[in-house]
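# Structural description and commentary
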Amino acid sequence: MAGGSPAGRVEVRVAPASEEKVTWVAPASEEKGARVAQLVPLLKLRHLGDRVFDYLVPPGLAERVVIGSMVTVPFGPRTARAIVVGLDDLHGREVSGLRPITAVEDGAVPSGSLDLARALSQRYLSSYESCLRLVAPPRRGSKGGAPSGPRNTWVLPVARGAAGPEGDAGAGRGRRLTSKQQAVLQAIPARGASIAEVCRVAGAGPGVVRTLVRKGLVAMAPAPVAGLDGGGSAEPAGNEVSAPAGVVTGAFSPGADTGGPLPQLWPEQEQAVAALLAAYEAPGLAERVLWGVTGSGKTEVYLRVVARVLENGAGAILLVPEIALTPQMVSRVRDRFGDRVGVLHSGLSAGQKAHEYRRIAAGEAPVVVGARSAVFAPVPHLRLVIIDESHDASYKQEEEPRYHARVAAAMRLSGSGGLLLEGSATPSVESMARPETRLRLVCRAAGAPPECEVVDMRRQGGGALLAPASREALAGVLRRGEQAILLLNRRGYAGHVHCELCGHVMMCGSCELSLTFHSQVRRLVCHHCGRTYVQPPVCPSCGAAPLVRAAPGTERLDRELRALVPREQVFRLDSDVLTSGTRARTVLTAFTAAHPAVLVGTQMVAKGHDFADVTLVVVADADTGLYIPDFRAAERTFQLLTQVAGRAGRAERPGRVLVQTWNPDVPCIRMALNREETPFYERELESRRRLGYPPFTDLIRVMTSSEHEERARKGIGYVLERLGPHLFPEEVRGPVRLPVLRGRSRWHFLIATRDGERARTLVGQALAQLQEPYRRRGVALLVDVDPQSFG
């Protein structure tokens, strides 16, 4: 058929199931000197599996197409971006029916990255295509990566006297400003913000901003390309505006701080640095865990090790949970190493990402800071990966490919050798199972550990969220002009709405989960599918009683605080408020500058912040994560309480922590407040050993989902029937029905085994044989290796 297809006709010749190549047949080609490339189209089409497609390399592109090249090809009726994974010489092969590659991008994915994608595919039982997407370079943006459009336009305030003879007196005070113009001026932080964010905060249109530009009160500039502001990472108030991308901010000398002399290390820090450098310089891959209390100076230890890596002409990657919520970390790295730092995060535009990728690949930015996906940055001669706050669940991706950044980092370094360093005040239980890798920091670099107290809510009267003791402590902070952080790890106004007469709970029509009331939009919201509903005036089940809002969230706490604290001194940090990374920067910068001030929010307030004037932390409800069906519930409660307590008393003023709980005797709460870290980890490890959970077993989660309940149930049963004879009975847990989510019924079971490689092989074989037949029957078959969530 290759030579006999009518002109313009496109047909598909599918290889037998044992092969992995599909050849597109196209009109005859008479090109000579061509080659055949094996490609993987990056199309997110799960049913293609790991198939590889043959395409003709035209002679005009032959010198540019190599293994790892990013190319453009026709794929059916569409055009697809693809990656070259193999090349064949013709050797007399008939190629008259192959479709040709139409374009080639500059550069190529390194062979090591292709190997990494294949290894991740095998480790996490994900498609090769999904893993190749992780290492593929970003698409080039318009105008060579230059920002464009309103979201990439930066608005900066103009200092008084800097606007010219008419800018300050004439425009600012001599002319009256409208309320909208005043709101825009107030919404612009010192370091500037995108015009879209300023308009959203101020409730004004871009025309108001342009008017203020004409008046000389604000200035417009390109958004920072390589920096963090484009993605919204926060910077402490008072920092200077970053230099534009490509401008060298100062000469770099290895080990020298570009901002001045290096800080003096504490003896513990010196010992940690020496031990880490010894591990780094030893042959092969070394893995270490830097277990340091909050405020113990882990960041300075990181920077000393990075400096040594740069002295050796190698590269380093520093991972953080969320760029927008770790401003001080990113700022310190850039202050230390100047323009040799590249930053990758989801807030960058396509052009900005491409710009940073090229800088990193060219060796201009041998230090990369970013969130989870930055572990794949094309750093030449990579020898160091640091995972800050390594316990954070965000390092595990929850969609295919479901990889963990720590495992990916270890794979990257396994060939070249180097150091994989995890840092945390509360390492994961799995990390603590390797005592030979641990380094300890027990002293704070500044300030003393805060005083922690339990507020037993069983003995508190009234219906207020804050107990009298918490209110009194907060009042003292306000009188002294200090700052406080209030944590409530539940967003919205009320976690669920129910009828006190018949017990009916308002549920989502697409999910078997309760709805959350949000006062800002005055609607019931499903936090899983996003559907919203109007709250009925009376119970829709019995019709005899009004509905009651229970399980208070951050909106309710925010409202209660505004009755105690002036409105302009209360700041909220949760995913309902943080519509962009820039918004996070705005909130954190404003809170840093305000005195007194109260920051209220979910677990976001516990992530890596360093506020010198925070002297009080109140946990409004320590029990929110205790009784969920997850064997890590106690660990995560312990970590959250320890982390948020560490935000208090980080400077010369003493700190105080109040933890409101209905369960003061629960071990994880009691041990967190008493700083009994070692006993807690010993208790958890013994519990995991007894119950057969990680780190003593490897977990694999197998799940089916379908719009038809019976198909999902039968699907999971058949998978288990296929795997059952090859597994020990004690290795299988389930199957169990899960709540309907987004209109799809779900079933799952867990495999907990001491032989993870054998189990992955078995599950991988079943997945390869069943996934496509299941798909044709409307059933999705999903696998999660080393799962972090089970809902």
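Residues numbered from 1 in each chain as written. Predicted model: local features only at pLDDT ≥ 70, side-chain atom pairs only at ≥ 80, totals over all residues. Heavy atoms only, no water.

Another point: the overall build of the protein chain. Secondary structure assignment for the protein chain yields 20 helices and 32 strands. Classification of the 791 residues of the protein chain by burial places 53% in the buried group. Nonlocal contacts in the protein chain, meaning residues at least 24 apart in sequence, comprise 76% of its contacts between residues at least 6 apart. Carbon and sulfur atoms make up 51% of the accessible area of the protein chain, which amounts to about 34,000 Å² in all. (Helix = DSSP H or I, 4+ residues; strand = E, 2+ residues; numbered from the N terminus. Buried < 20%, exposed > 50% of the residue type's maximum accessible area, 1.4 Å probe, protein only. Contact = heavy atoms within 4.5 Å. Areas by Shrake-Rupley, 256 points an atom, 1.4 Å probe, with all protein chains shown as cover.)

It is worth spelling out the pattern of salt bridges at this point. Counted under the stated rule, the structure contains 44 salt bridges. R490 is paired through a salt bridge with D621; the nearest N and O atoms lie 3.8 Å apart. On the criterion of sequence distance, the pair formed by R490 in the loop between β19 (483–487) and β20 (494–499) and D621 in the loop between β27 (614–619) and α16 (633–645) is long-range, its members being 131 residues apart. Two residues, R572 and D574, come together in a salt bridge whose shortest N-O distance is 2.9 Å. Through salt bridges that share partners, E430, R632, E635, E684 and R688 make up one connected network. (Salt bridge = Lys/Arg side-chain N within 4 Å of Asp/Glu carboxyl O.)

Compared with an ideal rise of 1.5 Å per residue, which puts 15 residues at 21 Å, helix α18 (residues 677–691) spans 21 Å between its outermost C-alpha atoms and is within 8% of the ideal. Of all the positions in α18, only E677, F680, Y681, E684, L685 and R688 are classed as buried. An end-on view of α18 places all buried positions within 130° of arc, on one side of the element. Exposed side chains of α18 directed beyond 90 degrees from the buried face belong to E682 and R690. (Expected span 1.5 Å × (residues − 1). Arc of directions from axis to C-beta.)

Here we come to helix α2 (residues 128–135). For α2, a buried count of 7 out of 8 residues is recorded, marking the element as mostly surrounded by other parts of the structure. Among the residues making up α2, those that are buried are Y128, E129, S130, C131, L132, L134 and V135. In this structure, the buried side of α2 is in contact with β3 (35–41), β6 (78–88), α1 (111–124) and α10 (350–361).

Turning to its location among the elements, R406 is positioned in helix α11 (residues 405–416). A relative accessible area of 25% places R406 in the partly exposed class. Remark: the alpha-carbon pair of R406 and L420, spanning 14 residues in sequence, is separated by 8.3 Å.

One can find R746 in strand β31 (residues 744–753). Although buried, R746 forms no salt bridge, and the nearest oppositely charged side chain, E512, lies 7.8 Å from it. Engagement of the side chain of R746 in a polar contact is seen with the backbone oxygen of G791, the distance being 3.1 Å. (Lys, Arg positive; Asp, Glu negative; His and termini not counted. Polar contact = N/O pair within 3.5 Å; in protein donor to acceptor, adjacent residues only side chain to side chain.)

Glancing now at the nonpolar core. Across soluble globular proteins, you tend to see nonpolar side chains buried next to one another. L120, L132, L319, F376, V385 and L723 are the most contacted members of the largest nonpolar core, which has 63 residues in total. Considering each element in turn, this core owes the most residues, 7 residues, to helix α20 (residues 756–776). Not counting chain neighbours up to four residues away, the residues in contact with F376 comprise L116, L120, L134, V135, Y403, A408 and R412. (Core = buried A, V, L, I, M, F, W, Y, C linked by side-chain atoms within 4.5 Å.)

Let's shift gears to the sheet that holds β31. Strand pairing in a sheet is mediated by backbone hydrogen bonds. Such pairs are either parallel or antiparallel. Pairing in this open sheet of 4 strands is antiparallel, and the strands run β30-β31-β29-β32 from one edge to the other. Here the strands that pair on one side only, and so sit at the sheet edges, are β30 (732–741) and β32 (779–785). Strand-to-strand twist of the sheet, defined as the mean angle between neighbouring strand axes without regard to direction, takes the value 20°. The pairing of β30 with β31 spans 6 bridges and is classified as antiparallel. Counterpart to R733 in the pairing with β31 is L750. The strands touched by helix α19 (residues 709–723) are β29 (698–706), β30, β31 and β32; relative to β31, the strand with the most contacts, the crossing angle is about 20°. Strands in contact with α20 are β29, β31 and β32; relative to β32, the strand with the most contacts, it is inclined by about 160°. (Pairing = 2+ DSSP bridges. Axes fitted to C-alpha atoms, helices over the stretch in contact; angles between N-to-C directions.)

On to the packing of α1 against α11, then. It is at 10 Å that the axes of α1 and α11 come closest, and there the two elements cross at 135°. Relative to α11, the element α1 is oriented oblique. The element α1 and its partner α11 pack so that their crossing is right-handed. The segment α1 lies against α11, with L116, A119, L120, R123 and Y124 engaging V407, A408, M411 and R412. A breakdown of the residues in the contact of α1 with α11 according to their chemical character gives 7 nonpolar, no polar and 2 charged. (Parallel < 35°, antiparallel > 145°, perpendicular 65-115°, else oblique. Left-handed = near helix turned anticlockwise from the far one by under 90°. Nonpolar A, V, L, I, M, F, W, Y, C, P; charged D, E, K, R; others polar.)

This part covers the confidence of the model for the protein chain. For the protein chain, the mean per-residue pLDDT works out to 84, and 85% of the residues sit at or above 70. Looking at the elements of the protein chain, mean pLDDT is at its lowest for strand β1 (residues 11–14), recorded as 34, and at its highest for β29, recorded as 98. In this model residues 1–31 is a low-confidence stretch, pLDDT under 50, and it forms 59 contacts with partners more than four residues away in sequence or in other chains. This model gives residues 225–257 a pLDDT under 50, and the stretch forms 87 contacts once residues within four places in sequence are excluded. (pLDDT = per-residue confidence, 0-100.)

On to the pairing of strand β13 (residues 341–344). Going residue by residue along β13, you find V341 and V343 tucked away on one face and G342 and L344 tucked away on the opposite face as well. Here β13 runs beside strand β14 (residues 367–370); their pairing, made up of 4 bridges, is parallel. Bridge assignment links V341 to a residue of β14, and that residue is V367. Chirality of the crossover, the property in question, places the unit of β13, α10 and β14 among those that are right-handed. (Right-handed = clockwise from strand over helix to strand, strands pointing away.)

You can see F631 is positioned in the loop between β27 and α16. For F631, a relative accessible area of 18% gives the class buried. Setting aside anything within four residues of it in sequence, one finds F631 in contact with E684, R688, Y693, P694, L699 and F790.

Further remarks concern unusual backbone geometry. The amide bond that connects E400 to the next residue, P401, takes the cis arrangement and shows omega of 0°. Here the amide bond leading from P694 into P695 is cis, since omega sits at 15°, within 30 degrees of zero. Examined against the element boundaries, P695 turns out to sit in the loop between α18 and β29. Within the chain, R522 stands out as a residue other than glycine whose phi angle is a positive 55°. One non-glycine residue, D786, lies in the positive phi region at around 55°. If you trace the backbone, D786 turns up in the segment after β32.

This part is about the sheet that holds strand β25 (residues 570–573). On the basis of which strands lie adjacent, the open sheet formed by 6 strands has the order β18-β28-β27-β19-β26-β25 and parallel pairing. Looking at which strands have only one partner, the edges of the open sheet turn out to be β18 (451–456) and β25. Within this sheet the neighbouring strands show an average axis-to-axis angle of 20°, counted without direction. Pairing analysis gives 5 bridges linking β19 to strand β26 (residues 597–601), with the strands arranged parallel. Bridge pairing in β26 places L486 opposite V600. Each of β19, β25 and β26 is contacted by helix α14 (residues 554–562), which is oriented at about 175° to β25, the strand it contacts most.

Here the focus is the packing of helix α7 (residues 267–281) against helix α8 (residues 298–311). The description of two packed helices rests on the angle between their axes and on the distance between the axes. Interaxial distance between α7 and α8 falls to 10 Å at its minimum, and their mutual angle equals 35°. Judged by the twist between their axes, the crossing of α7 over α8 is right-handed. In contact with Q269, A272, V273, L276, L277, Y280 and E281 of α7, α8 contributes E300, V301, R304, V305, R308 and V309. Grouping the amino acids of the contact of α7 with α8 by side-chain chemistry returns 8 nonpolar, 1 polar and 4 charged.

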